[in-house]
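Here's the letter readout for the chains.
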Amino acid sequence: MASGSVNPFNVSDSEEEAPEEPQRSPGDEAPSGRSPGLFSPQTEPEPAALLLHSGRVSIDVIAAQLLRDQYILTALELHTELLEAGRELPRLRDYFSNPGNFERQSGTPPAGKEPGLGPGGALNRAGSISTLDSLDFTRYSDDGNRESDERVAECEIPSQERKNYKSSPEMQEPIRPLEKRALNFLVNEYLLKNEYKLSSITFSDENDDQDFELWDDVGLNIPKPPDLLQLYRNCGSIHPFHRETADAAVGVDTGDLPGDYITQEAVQKTETIQQKEVVQELEYQISLLNSEKQSLAEQIKKLHSEIQDLQRNVSSPVKAPTECGDTKKGLQCERSLDNGQYLDIRGVTETDAASESNPNSTTTSTSTNTNNTTAPDHAAESSSPSTQTHSKFKSPAQHSKGPVQFDQPNRKLSPAFHQALLSFCRMSADSRLGSEVSRIADSEESVMLMLGRCLPHIVPNVLLAKREELIPLILCTACLHPEPKERDQLLHILFNLIKRPDDEQRQMILMGCVAFARHVGPTRVEVELLPQCWEQINHKYPERRLLVAESCGALAPYLPKEIRSSLVLSMLQQMLAEDKADMVREAVVKSLGIIMGYIDDPDKHSQGFELMLLSLGDLSERVVAATHQVFIPAFAAWTVELGNLQSQLIPSLLSRIEKLLQQGEHGLDEHKLHTFLSALQSLIPPLFALVLQNAPFTSRAKLQSDITPIEVTRFPRPASPLQDVATIIGSREQLAVLLQLYENQLQHEGTTGWDTLLWVVNQLLPQLIEIVGRINVASSTCVHEFSRFFWRLCRTFGKTFTNTKVKPQFQEILRLSEENVDATAGNGILTKATVPIYATGVLTCYNQEEDRKLLVGFLEDVMTTLSLSHAPLDSLKASFVELGANPAYHELLLTVLWYGVVHTSALVRCTAARMFELLVKGVNETLVAQRVVPALITLSSDPEISVRIATIPAFGTIMETVTQRELLERVKMQLASFLEDPQYQDQHSLHMEIIKTFGRVGPNAEPRFRDEFVLPHLHKLALGNNMQTAENKRMDIASQLFEAYSALSCCFISEEIMVNHFLPGLRCLRTDMEHLSPEHEVILSSMIKECELKVENRGIGEAQGSMSIAASLVGEDAKTKFLSKMGQLTTSGAMLANVFQRKK
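What counts and how
Residues numbered from 1 in each chain as written. Predicted model: local features only at pLDDT ≥ 70, side-chain atom pairs only at ≥ 80, totals over all residues. Heavy atoms only, no water. Helix = DSSP H or I, 4+ residues; strand = E, 2+ residues; numbered from the N terminus. Buried < 20%, exposed > 50% of the residue type's maximum accessible area, 1.4 Å probe, protein only. Contact = heavy atoms within 4.5 Å. Phe/Tyr/Trp six-rings, centres within 6.5 Å; stacked < 30°, edge-to-face > 60°. Lys NZ or Arg CZ within 6 Å of the ring centre and 35° of its normal. Salt bridge = Lys/Arg side-chain N within 4 Å of Asp/Glu carboxyl O. Axes fitted to C-alpha atoms, helices over the stretch in contact; angles between N-to-C directions. Parallel < 35°, antiparallel > 145°, perpendicular 65-115°, else oblique. Left-handed = near helix turned anticlockwise from the far one by under 90°. Nonpolar A, V, L, I, M, F, W, Y, C, P; charged D, E, K, R; others polar. Polar contact = N/O pair within 3.5 Å; in protein donor to acceptor, adjacent residues only side chain to side chain. Core = buried A, V, L, I, M, F, W, Y, C linked by side-chain atoms within 4.5 Å. pLDDT = per-residue confidence, 0-100. Expected span 1.5 Å × (residues − 1). Bend = angle between axes of the 7 residues up to and from the residue. Disulfide = S-S within 2.5 Å.

**Student:** Looking at this model, I keep getting lost on the overall build of the protein chain. Mind explaining?
**Tutor:** For the protein chain, the count of helices and strands is 48 helices and 2 strands. Burial status across the protein chain gives 44% buried among its 1144 residues. The contacts of the protein chain with a sequence gap of at least 6 include a subset with a gap of at least 24, amounting to 73%.

Pasting the structure below:
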């Protein structure tokens, strides 16, 4: 009889570890001559008669005598041999399974016993007792390394017993790691169940490497065993003898057995006992047959209803079962039509036995079977094509013209003899597995039923690394199984199949879920699959939550639309907000993108926008990248369908950017600005696709063979295929047709009636340019972000659009003239971020000659205008920094600067000199030697002193970054001329610039340059400042010297330079600060003390170094003497110890 379904993830081991049914003694089997069967689970009866009818002494008497005389090892040998022969003796089994027999022994051992085997000796517990300490859990581990079984085999027990008999009772096999973890789990469970909470907490703290909430953490590939109480009760079913019993033997005293012990009364008692056992066994078998009968009756009833359903569904009705003849034949016909029919091996065996024993009955049975198979054959022929598939699974008897016939022996044995003869090879099918094996399924449904029953028992015993091999079997069974409860259990097994599935295993499970969904339809996906996802949404392991997130996206196409926009969306929203694992949130965002591609409820659009902002604000770069790659393109496609891209989505992001700029007057949140601007950047491809699809020429767009293919560099590289304009449009060929018409429309026909493009030109661009004008030009991050945005916008919409729509709007605002710059307030448009963003985001989109000339001309005009207007140069510097990051523009920028070097205005030349400082850091040394240094040398001899002074920071930057010796010498000579030339003696501005430059580049410059040039000249400047009469100039120089010396004090300075230049310079500076700034004088005094202390420590260190050299010489001499003395000693340990003895 089939057992009930079992959940392998929530089941105890009581089913697998249940004690075996009591077996009958061989003494009982021999006289009865009955075949073995399932025994009644009653208490073991009394032993059989002590003597056999033939007068021979029975084995039980021998065993009793051995136990009485304490021949324990001999009795154990006898017990082992009986076990191997399958004739277990109850007396010996009870004796050796009782630990109390070996903990306290009484009686005197025989004289021939070995001297080491005393009565107090201990024997190991019998291996047949499956108590908790004898369970070998490592046999079921998942690691695949099947270690050798360390338990003693039955045939090795005698020798093992002899070894352990000499040992103390306390000696036991050490506990194994897995056994310890299993016991820890059960002990903690016991403490919690019995309200020992504090003890449980302490126990958990002492075993912090184990998770007591999850049995799988133990590491055993078996279900959780029963709790300690149940194990104790199971072990207590074998009643041990009392420990204080004086005599531990079980045998009968031979003095009580007279010679005429064998009497008729004993024989009658034996037969009565045997008959009672027979009655008990038969009653138990009757109860089993009755339960199986009830199960079969329920199955027949169920199959009746299924047959009726099939008859209603087929187009041409099958013949009624009652047409098969009388009632008996009709019933047989119904069973032959049954989709869940089984071929019962037990029934076939009995029938074959009867037919073989009576050859004359062959003809009758043949005709009966033929009549019984007629109706199903006709029914199958008349059935619809949908039911003809089932005929492939019919039993062989239904396909053949007649029943299977076997050769009959030409013997004259009675049927009873045949029956008795075959009973010796009859197999017991009373266990769950035996019941399944004894029946062969002959239809799809019966196969599914069998798999549904067996899979829960198979899965826990498969290695974790190979469990994905069961996925097809589980899915097929879950698809076709008729019982909802069984299907739910199988899907539960699927989602819990692997503890922490890796990428490949998750992909297999997801593919299976999709195949299941395609097969069963949306209703069953909602009812059966989604609950499994919901159960694991808060699972402990991130891999399981990742499986849930991925399955929500994979199943989206196969779910009812109401469920997509409600339950699944809520699940993903919860995981996005609460899950702590980056990879889970990344999968959630991707699944949300897929949901956005299938959802059709306009009311959920606002929720999608909030989810987009939440995803963009995530701290993980993986989640943000997934948002741009999947979620935003899918959400934008839905927005386009709703007609809200230009009316809601883009304006809402722009309004958030404007609000952010208004709030950020005292400090802009650059992260939020990047979030909103990156979202706008991801919306450029769908915006351009919308413009193409709503153009006036869309109706004329037809695929032609002579269409010019799209250039590879026509569009910026998309972040994902979903941001590719060709993917959004439909195909690259269709996009090529639309692009050709698009360019022609812009060049010749204009934009009249083109609402989507006019919105971009008249609303989007002006608003963006206005936002750019409000950005702080000093924020390099904001300038870079907006530059990249305009670059992608212009490259996506094309060169014609950029030249005719974008550039004119910028040029209209910039209007390169001196009137457009407010020199006093510095708030002209040329001082804003509009200049660098236009230069780097619009003018660099295309790199042809005319484009480069336009960029050069714009930068030259800006430099000239700002210089002549005495305006701040921040916008020009931002343009140089952004363009200088790309080596392709270095030559272009040098061309612009050379224009400034040769300009007629000293203001422009001064600006060019200051721009060289920004460019030197990124330009390679070849360009520095060939283009930069010659230009600076030219400017250093300029008639205007301000131009010469403006070259000093650039020269300092060269000293900081360049390594070529020749270049450094040229720069050094030029700086020396500034310091030593008499014409510069009274140039206060020049001295200020040099000191400021020395303080900036000194710590990073070459040490030789710093020691030989920078520090000596700073000393001279400090000394000269002491003689300065103008208080304001003296204070300016002193402040710059203080900053320079503070920066240089962190460098390593040699003692000579420290004493000759650094300390004297600091003392001169302190002299100035005593009169000008007392608070600085305190700091300088501490710096001087610190430097003097360093000099003193170095002197002491050198003295100690010389002393250490002398000490090392003395030490070498002492070491030599010591080793020579050691060499004179012998190897005697006593003499060697005397060397280290303390003298008294």
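**Student:** Looking at this structure, how should I read the packing of aromatic side chains?
**Tutor:** Aromatic ring pairs are reported here in terms of the distance separating the ring centres and the angle at which the planes meet. In total, this model carries 19 aromatic pairs according to the counting rule given. With 5.7 Å between their ring centres and 40 degrees between their planes, Phe203 and Phe212 make a pair best called tilted. Here the two residues Phe203 and Phe212 agree in accessibility, since each one is buried. Seen in terms of ring centroids, Phe697 and Trp754 are 5.5 Å apart; in terms of plane orientation they differ by 85 degrees. Their pairing is edge-to-face. Linking Phe697 in the loop between α29 (684-693) and α30 (725-729) with Trp754 in the loop between α31 (732-749) and α32 (755-772), this pair joins segments that are 57 residues apart in sequence. Since its relative accessible area comes to 0%, Phe697 is described here as buried. Over the ring of Phe715 we find Arg714, and its NZ or CZ is 4.4 Å from the ring centre. The lysine or arginine in question, Arg788, covers the ring of Trp791, its NZ or CZ lying 4.7 Å from the ring centre.

**Student:** In this structure, what is going on with the pattern of salt bridges? I would like to understand it.
**Tutor:** Working definition: two side chains of opposite charge can pair if their charged atoms are close together. Within the structure shown, the criterion is met by 33 salt bridges. The shortest N-O distance in the salt bridge between Glu195 and Lys197 comes to 3.9 Å. Of the residues examined, Glu195 reaches a relative accessible area of 55% and is grouped as exposed. As a salt-bridge pair, Arg1000 and Glu960 come within 3.8 Å of each other at their nearest N and O atoms. Here Arg1000 is found in helix α43 (residues 988-1001), whereas its partner Glu960 is found in helix α41 (residues 945-961), with 40 residues between them in sequence. Look at the salt bridges and you will find they share partners, linking Glu189, Lys193, Lys224 and Asp227 into a network.

**Student:** Where do I start with the packing of helix α19 (residues 484-495) against helix α21 (residues 522-535) in this structure?
**Tutor:** In helix packing, the relevant descriptors are the interaxial angle and the interaxial distance, both defined with respect to the helix axes. Axis separation between α19 and α21 bottoms out at 10 Å; the angle between their running directions is 40 degrees. By the criterion of interaxial angle, the relationship of α19 to α21 is oblique. Here α19 runs over α21; the crossing is right-handed. Across from Arg487, Asp488, Leu491, His492 and Phe495 in α19, the residues of α21 making contact are Arg524, Glu528, Leu529, Gln532, Cys533 and Glu535. Looking at side-chain class alone, the contact of α19 with α21 contains 4 nonpolar, 2 polar and 5 charged residues.

**Student:** Is there a simple way to think about the side chain of Thr796 in this case?
**Tutor:** Secondary-structure assignment places Thr796 in helix α33 (residues 780-797). Of the residues examined, Thr796 reaches a relative accessible area of 5% and is grouped as buried. Of the polar contacts made by the side chain of Thr796, one reaches the backbone oxygen of Arg792; its length is 2.7 Å. When near neighbours in sequence (up to four residues on either side) are disregarded, Thr796 contacts Ile684, Phe688, Arg714, Phe715 and Pro716.

**Student:** Teacher, can you tell me more about the side chain of Asp851 here?
**Tutor:** Secondary-structure assignment places Asp851 in helix α36 (residues 849-868). Residue contacts for Asp851: discarding those within four places in its chain leaves Lys799, Lys807, Leu843 and Tyr846.

**Student:** So what exactly am I meant to see when it comes to the nonpolar core here?
**Tutor:** Nonpolar side chains in soluble globular proteins generally cluster together in the buried interior. Counting residues in hydrophobic clusters, the biggest one holds 229 residues, and the most contacted among them are Met612, Tyr742, Phe786, Phe790, Phe797, Phe801 and Phe916. No other element matches the 10 residues that α32 contributes to this core. Once residues lying within four places of it in the same chain are set aside, the contact partners of Phe786 are Ile657, Leu673, Leu677, Ile771, Val772, Ile775 and Ile837. Core analysis: the second largest hydrophobic core is formed by 13 residues, Leu66, Ala75, Leu76 and Tyr95 among them.

**Student:** Where do I start with the packing of helix α22 (residues 542-554) against helix α24 (residues 582-596) in this structure?
**Tutor:** Where α22 contacts α24, the axes come no closer than 8 Å and their chain directions differ by 10 degrees. One element, α22, and the other, α24, form an angle in the roughly parallel class. For the pair formed by α22 and α24, the contact residues are Pro542, Glu543, Arg545, Leu546, Ala549, Glu550, Cys552 and Gly553 on the first element and Met583, Val584, Ala587, Val588, Ser591, Ile594 and Ile595 on the second. Each residue belonging to the contact of α22 with α24 can be placed in one class, and the counts come to 10 nonpolar, 2 polar and 3 charged.

**Student:** I keep staring at the environment of Glu960 and nothing clicks. Help me out?
**Tutor:** Classification of Glu960 as partly exposed rests on a relative accessible area of 21%. Spatially, the C-alpha atom of Glu960 lies 5.9 Å from that of Asn1004, the residues being 44 residues apart in sequence. With near-sequence residues (within four places) excluded, Glu960 lies in contact with Arg1000, Val1001 and Asn1004. Within the structure, the side chain of Glu960 is placed 2.9 Å from the side chain of Asn1004, a separation counted as a polar contact.

**Student:** What am I meant to see in unusual backbone geometry here?
**Tutor:** With glycine set apart, most residues show a phi of negative sign, and most peptide bonds adopt trans. In this model, Gln70 sits at a positive phi of 65 degrees, which is unusual for a non-glycine residue. Relative to the helices and strands, Gln70 is located in the loop between α2 (59-68) and α3 (72-84). Classification of Gln70 as buried rests on a relative accessible area of 6%. A positive phi is found at His870, a non-glycine position, where the angle reads about 55 degrees. Checked against the element boundaries, His870 lands in the loop between α36 and α37 (874-884).

**Student:** Just to check I follow, could you spell out the confidence of the model for the protein chain for this structure?
**Tutor:** Low pLDDT marks regions whose predicted coordinates should not be analysed in detail. Averaged over the protein chain, the pLDDT score is 74; the fraction of residues at 70 or greater is 71%. Throughout residues 1-54 the model reports pLDDT below 50, and contacts reaching past four residues in sequence, or to other chains, amount to 106 contacts.

**Student:** Quick question: what am I supposed to make of the environment of Lys799 here?
**Tutor:** Its location among the elements puts Lys799 in helix α34 (residues 799-814). Separated by 85 residues in sequence, Lys799 and Arg714 place their C-alpha atoms 9.4 Å apart.

**Student:** Please explain helix α46 (residues 1055-1076) as it appears in this structure.
**Tutor:** Along an α-helix, residues three or four positions apart point the same way, because every turn accommodates 3.6 residues. Along its 22 residues, α46 runs 30 Å from first to last C-alpha, staying within 8% of the 32 Å computed at 1.5 Å per residue. In the structure, α46 departs most strongly from a straight axis at Phe1062, where the bend amounts to approximately 30 degrees and where the proline Pro1064 lies between one and four residues downstream. Turning to α46, its buried residues number three or more, namely Ile1057, Met1058, Phe1062, Leu1063, Pro1064, Gly1065, Leu1066, Cys1068, Leu1069, Asp1072 and Met1073.

**Student:** What's the story with the environment of Asp503 in this structure? I'm lost.
**Tutor:** Along the chain, the position of Asp503 falls in helix α20 (residues 503-520). Classification of Asp503 by relative accessible area gives exposed; the value is 51%. Here the alpha-carbon distance between Asp503 and Leu546, two residues 43 residues apart in the chain, equals 9.7 Å. One polar contact links Asp503 to Arg506, side chain to side chain, over a distance of 2.3 Å.

**Student:** In this structure, what is going on with the state of the cysteines? I would like to understand it.
**Tutor:** On inspection of all chains with the given rule, the structure shows 0 disulfides. Cys552 supplies the cysteine sulfur nearest to Cys533, a cysteine that is in no disulfide, at a spacing of 5.1 Å. Looking at Cys533, the relative accessible area reads 0%, which means it is buried.

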